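Report on the structure
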Amino acid sequence: MTTDATTDAVRDWKHWHEQRTETVSAPYGPLSLTGTHWLADYPDGSLPGIPGRWTEAGDELVLTAEVGDGLTLDGQLFNGEARLGADPGPVAAARVGHGDRRLIVLRREGLWAVRDFDPESATRRAFRGIEATEYDARWVVPGLFTPYAADSTVDGVRTIKVANADGVERGLGLGGELTFSLAGKEHTLQVSVEGDGSLWAVFGDATGGVSSYRFRFLRPAAPDDEGRTAVDFNRALLPPCAFADHFICPFPPPGNTLDAEIAAGERNLIDS
């Protein structure tokens, strides 16, 4: 029997799915990323397909350009030298542009990069939607978050090295463990704690690479004072690198590949 609560949950899930589709297909959504260029790979400061000269200067990135380069800075045609910090986002608000493209300055573990977002990217034009399994209440289970002991963290965070989608190992900050049960079996995920207290997990499961993308993200709400939160796999997310190859998503840390089949949430991109 369908209850009012179930009906509401189904409606909320459909709204969430529609919003996700709109977000990823927006002009400066993940589908528009056409390149991530690490300055360390281009010591002469010339980035592929991007005008100007981009060089590192300690805690800043220096951009040198001429009027003929066609770059804009804060919406105005740019000529000369500018010292830039990392863009906090959103992409549409990037300080540097080239026509409709937005050039995001990124810093990761002390390294500088420039990301090129183009609304006319081939991947955005080819997008047909996200394959997602319809809401099923069986995939919503109680979870218990346990933070790591203070003596094993730095400011509440335990950083481990994990492989990223570009083949490079980088640090992943983890704040504790999220425990829950599926079909009578207990599972545990190592999770990060976001600034608003919500949780973030990178996980794999037995459907990965078979009927789902190879790994996915999960974002449970902030736990209450006793560590309780809901684990809702109906809202499992495709990582950004599922939409564009130029993202550097972290792979699941050790222990975060479940032996269960999580046939829920976002699964794959719809083939064109």
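Notes on the structure follow. (Residues numbered from 1 in each chain as written. Predicted model: local features only at pLDDT ≥ 70, side-chain atom pairs only at ≥ 80, totals over all residues. Heavy atoms only, no water.)

Our next topic: the pairing of strand S8 (residues 101-108). The buried fraction of S8 amounts to 6 of the 8 residues, a majority that puts the element mostly inside the structure. In this sheet, S8 lies alongside strand S7 (residues 96-98) in antiparallel orientation, the contact comprising 3 bridges. Paired with Gly97 across the two strands is Arg102, which belongs to S8. Between S7 and the antiparallel strand that follows it, S8, lie 2 residues; Gly99 among them carries a positive phi value of about 65 degrees. In this structure, S8 lies alongside strand S9 (residues 111-117), joined through 7 bridges in antiparallel fashion. Within the sheet, the bridge partner assigned to Arg102 lies in S9 and is Phe117. (Buried < 20%, exposed > 50% of the residue type's maximum accessible area, 1.4 Å probe, protein only. Helix = DSSP H or I, 4+ residues; strand = E, 2+ residues; numbered from the N terminus. Pairing = 2+ DSSP bridges.)

Before going further, it helps to spend a moment on the sheet that holds S8. Across the sheet, which stays open at both edges, the 6 strands sit in the order S1-S9-S8-S7-S4-S5 with antiparallel pairing between neighbours. The open sheet terminates on both sides in strands that have one partner only, identified here as strand S1 (33-38) and strand S5 (76-77). In terms of strand pairing, strand S4 (residues 71-73) meets S5 through 2 bridges, oriented antiparallel. Bridge pairing in S5 links Thr72 to Leu77.

Right, let's get into the packing of aromatic side chains. Tallying each qualifying case throughout the model produces 8 aromatic pairs. Relative to Phe251, the ring of Phe215 lies with its centre 5.3 Å away and its plane at 65 degrees, an arrangement referred to as edge-to-face. Placement of the pair is Phe215 in the loop between strand S16 (199-203) and strand S17 (216-218) and Phe251 in the loop between strand S18 (228-232) and strand S19 (266-269), with a sequence separation of 36 residues. On the basis of relative accessible area, Phe215 is assigned to the buried category, the value being 3%. On the accessibility criterion, Phe251 (23% relative accessible area) is partly exposed. An aromatic cluster of three or more residues is present, and its members are Trp200, Tyr213, Phe215, Phe217 and Phe251. When the ring centre of Tyr148 is taken as origin, the NZ or CZ atom of Arg158, which lies over that ring, is 3.7 Å away. (Phe/Tyr/Trp six-rings, centres within 6.5 Å; stacked < 30°, edge-to-face > 60°. Lys NZ or Arg CZ within 6 Å of the ring centre and 35° of its normal.)

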